[in-house]
Amino acid sequence: MIKRPIFFKNLIIKTQPFKHLYTSSTQQSIPFLNLSKCITLLQSFAQNNQLQQGQKLHSYMLINGFIFSPSLTTSLINMYSKGNKMAYALSVFNTCLHDHNVYNYNAIISGLIDDHKLAFQYFLEMRLIEFIMPDKFTFPCVIKACLDVVEVKKIHGLLFKFGLELDLYVGSALVNCYLKFGFVEDAEEVFEEMSVRDVVLWNAMITGFSQIGQFDKVLEVFGRMKDQGVVLSKYTITGILHVFGMKEGIDNGRALHGFVVKMSYDSCLAVSNALIDFYGKCKCVDDAVGIFEMMHEKDIFSWNSIICVHEQRGDHYGTLKYFRRMVFAGMQPDLVTVSTTLPACAHLAALRIGREIHGYIITSGLKKRKDGKGPDALHIDNAIMYMYAKCGSLGVARLVFDKMSYKDTASWNIMIMSYGMHGLGNEALNTFSCMCEAQLKPNDATFVGILSACSHGGLLSQGRMFLDQMHQIYGVVPTIEHYSCVIDMLGRAGQLEEAYKLLTTMPVEGNPVVWRAFLAACRLHGNADLAEVAASMIYKLEPLHCGSYVLISNVYGAEGRYKEVSEIRHTMREHNVTKTPGCSWIELDNGVHIFLTGDRTHAEDYHINTALNHLTSCLRDYKCLPYKLHGAL
């Protein structure tokens with residue numbers, strides 16, 4: 001009788017015999033389930049990701065006393081590895097210690113490739129067994145599992161002993177690993193020594209250089225590849241498109257897109273996703289959307305790519321629109337999805353959608369690290385906190401902040417800025433004190449938040465103090481952003497002369513933003529003389545920005561200088577400067593609705609204006625008609 005491993009005790013009890021594939025009873029079907037048939041079935045289950053079926057077959061073999069040969073063990077390990085059940089795979093491997101071969105070890109090392117340390121330990125164990133020799137399938141996985149370049153070089157030396165130094169698969173793994181650790185010369189030496197170079201080896205060079213940001217090297221290798229007549233594969237296309245996207249090589253990318261269509265590679269999901277990403281990085285959003293809409297099949301990467309394209313462009317409404325479509329299509333969001341969508345919720349104050357995403361993150365367990373210290377968990381917590389703060393739920397933002405087991409500088413900065421934007425200057429300064437007590441060093445963004453909080457809270461003395469001390473005490477050199485905050489603070493408080501003096505004597509060159517902040521303060525306090533000075537500077541620095549013309553026009557209008565107002569409007573027409581239309585939005589059950597001034601393109605425009613006209617009529621009856629209410633949409 002076979003001694004059954006304890007690990008599978010519950011599995012054997014809970015699973016039913018493997019009857020559903022056969023019409024006869026279990027006992028009658030035993031002759032048809034020989035060793036060869038079991039191996040074939042396990043390989044099929046592994047390939048088709050049918051883990052549950054494979055578990056039933058495994059329990060059937062255990063119950064019926066099958067003798068586990070090395071080939072059967074290998075098939076089981078492969079099946080559990082591909083089903084992401086490495087505990088099961090390890091149990092199968094460890095219960096057959098007396099009959100291992102190179103294929104068993106290859107299977108377990110390959111399955112453990114994400115756990116580099118454990119995978120390498122099994123390789124070292126394999127080397128202690130004299131009759132088991134590693135082969136060309138062992139080394140690519142072992143090379144990938146190496147934790148530093150010293151281990152890679154040791155493996156490289158071992159390849160000569162086994163005569164595998166010129167093997168293409170092993171060479172590709174070496175090239176990729178050397179480049180990952182930044183050893184470019186070693187990677188190029190391995191590449192040049194290969195007597196035969198297939199497309200996989202070329203792709204290893206392209207991918208490796210791309211991962212370390214040496215895009216010029218990628219293009220150099222790509223040029224050599226074309227000169228030698230190597231036919232590009234789908235993986236070559238995805239790697240090169242990434243580089244073209246980073247370098248905004250739109251013309252080269254379009255040419256490559258033509259090759260993709262010619263070779264029918266556009267039917268490949270990975271290639272289509274790479275094209276979406278490429279056009280998005282080149283700011284050709286319409287092209288990216290066109291490819292996405294033509295795709296018959298879309299995976300999580302397709303949806304994430306099109307969502308990221310809109311968010312990178314600043315089209316937050318488009319980001320949420322595609323996010324809603326993704327959810328309705330039955331696709332489960334992942335970390336990339338929520339990390340991209342939460343900032344869109346923040347910018348549009350879409351609190352309802354943000355809450356739903358927060359709830360999904362909690363119930364789905366997207367934050368994988370149990371200790372809450374992983375980069376994913378931290379990044380998500382910061383995004384959630386920022387979303388609540390921007391949506392006006394400062395109390396919830398503080399709850400998220402307090403429950404974080406680990407906080408980085410960005411976490412504290414978000415909380416400081418949140419208090420500042422809500423006019424709670426003292427709370428922002430108290431948070432800054434707590435940050436310093438936690439021994440976290442403030443950075444540029446911290447002081448932008450602090451000075452902005454002083455500006456919105458009217459804390460002039462504290463603001464002046466922080467500007468003076470930030471370099472001397474905290475080692476942060478003031479930039480134009482910091483001076484802009486202080487000038488805005490002085491302007492809000494009516495200290496226009498002091499603000500102007502700082503603006504003209506600060507050690508950094510002023511930009512349109514800081515001058516526009518000063519101009520806004522002049523308009524607020526009705527100082528036309530300084531407003532003219534600010535306006536003249538802005539016209540020189542940014543002559544086509546509509547905001548400056550509007551501000552100075554309002555200053556003149558407030559003083560009754562309508563001739564100057566008319567001249568400004570004439571100048572705007574001469575320079576083809578148009579005022580950016582006002583925009584408002586509202587979040588309802590079916591999403592966020594955006595309205596521009598004079599826009600009549602909304603799907604519910606007729607019903608909205610009908611209701612508006614009715615309200616206007618009611619207000620007329622009470623002689624309380626708001627100014628320009630009619631036609632506000």
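Going by the structure above, here's the rest.
Small disclaimer: the values here were computed from a predicted structure and weren't measured. Residue indices begin from 1 for each chain and proceed along its sequence in written order. At least 70 in pLDDT is required for a residue's local features to be given in this predicted model, at least 80 for side-chain atom pairs to be given and counted, and no such filter applies to totals for whole chains, interfaces and linings, which use all residues. Think of the side-chain values as coming from all heavy atoms in the structure, minus any hydrogens and water.

Please explain the side chain of Asn104 as it appears in this structure.
Note that Asn104 resides in helix 7 (residues 102–111). Relative accessibility decides the category of a residue: with a 1.4 Å probe and only protein chains considered, values under 20% of the type maximum give buried, values over 50% give exposed, and everything between is partly exposed. According to the relative accessible area criterion, Asn104 is buried, its value standing at 0%. Contacts are assigned to residue pairs with any non-hydrogen atoms lying within 4.5 Å of each other. Here Asn104 is in contact with Pro70, Thr73, Thr74, Ile77, Phe93 and Asp99, once residues within four sequence places are set aside. For helices the rule is a DSSP run of H or I covering at least 4 residues; for strands it is a run of E covering at least 2, with both sets numbered from the N terminus onward.

Would you explain the packing of helix 16 (residues 250–262) against helix 17 (residues 269–281) in this entry?
Axis angles are defined between N-to-C directions and span 0 to 180 degrees, where every axis is a line fitted to C-alpha atoms and, for a helix, only to the segment in contact. It is the contact of helix 16 with helix 17, at a shortest axis distance of 11 Å, that shows an interaxial angle of 160°. It follows that helix 16 is roughly antiparallel to helix 17 by the angle criterion. The crossing of helix 16 and helix 17 is left-handed. Taken together, the residues of helix 17 that come into contact with helix 16 (itself represented by Ile250, Gly253, Arg254, His257 and Val260) are Val271, Leu275, Phe278 and Tyr279. By the definition adopted for this analysis, an angle is roughly parallel if under 35 degrees, roughly antiparallel if over 145, roughly perpendicular if from 65 to 115, and oblique otherwise. What makes a crossing left-handed is the near helix being turned counterclockwise from the far one by less than a right angle; a clockwise turn instead makes it right-handed.

Explain the packing of aromatic side chains to me, please; I cannot follow it from the model alone.
How two aromatic rings sit relative to each other is set out by the distance from centre to centre and by the angle between their planes. The criterion for an aromatic pair is that two Phe, Tyr or Trp rings (for Trp, the six-membered ring) have centres within 6.5 Å, with stacked assigned to planes under 30 degrees apart, edge-to-face to planes over 60 apart and tilted to the rest. Tallying each qualifying case throughout the model produces 20 aromatic pairs. Considering the side-chain rings of Phe292 and Tyr322, the 5.7 Å spacing of their centres and the 85° angle between planes classify their relative orientation as edge-to-face. Taken together, the residues span a long stretch of sequence, with Phe292 in helix 18 (residues 285–294) and Tyr322 in helix 20 (residues 316–328) at a distance of 30 residues. The buried category is assigned to Phe292, whose relative accessible area is 0%.

How should the nonpolar core be read in this particular structure?
In a soluble, globular protein the nonpolar side chains are often hidden away together inside. Residue types Ala, Val, Leu, Ile, Met, Phe, Trp, Tyr and Cys, when buried and joined through side-chain atoms within 4.5 Å, form a set referred to as a nonpolar core. Of all hydrophobic cores here, the largest spans 185 residues; its most connected members are Met61, Ile108, Ile109, Phe139, Val175 and Phe518. The dominant element in this core, judged by the number of residues it contributes, is helix 23 (residues 375–390), at eight residues.

Any chance you could explain helix 19 (residues 300–313) here in plain terms?
For an α-helix, the turn length of 3.6 residues means that residues three or four places apart are oriented alike. Every helix has an expected span of 1.5 Å times one less than the residues it contains. Taking 1.5 Å of rise per residue, 14 residues should cover 20 Å, and helix 19 covers 20 Å from first to last C-alpha, within 8% of that figure. Those residues of helix 19 that fall on the buried side of the exposure criterion are Ile300, Ser302, Trp303, Asn304, Ser305, Ile306, Ile307, Val309, His310 and Glu311. If you follow the buried residues of helix 19, they end up packed against helix 17, helix 18, helix 20 and helix 21 (335–348). Nitrogen and oxygen atoms within 3.5 Å of one another constitute a polar contact, given that in protein one can donate a hydrogen and the other can accept it, and given that sequence-neighbouring residues count only through two side-chain atoms. Put simply, Asp299 is the residue that caps the front of helix 19, since its side-chain oxygen is 3.2 Å from the backbone nitrogen of Phe301.

Is there a simple way to explain the packing of helix 19 against helix 21 in this structure?
Relative placement of two packed helices is described by the angle separating their axes and the distance separating the axes. Where helix 19 contacts helix 21, the axes come no closer than 9 Å and their chain directions differ by 30°. The angle between helix 19 and helix 21 falls in the class roughly parallel. In this structure, helix 19 meets helix 21 at a crossing whose hand is left-handed. Contact residues: Ile300, Asn304, Ile307, Cys308 and Glu311 in helix 19; Val336, Thr337, Thr340, Thr341, Pro343, Ala344 and His347 in helix 21. Within the contact of helix 19 with helix 21, the residues separate by chemical class into six nonpolar, five polar and one charged. When residues are grouped by polarity, Ala, Val, Leu, Ile, Met, Phe, Trp, Tyr, Cys and Pro land in nonpolar, Asp, Glu, Lys and Arg in charged, and all others, Gly among them, in polar.

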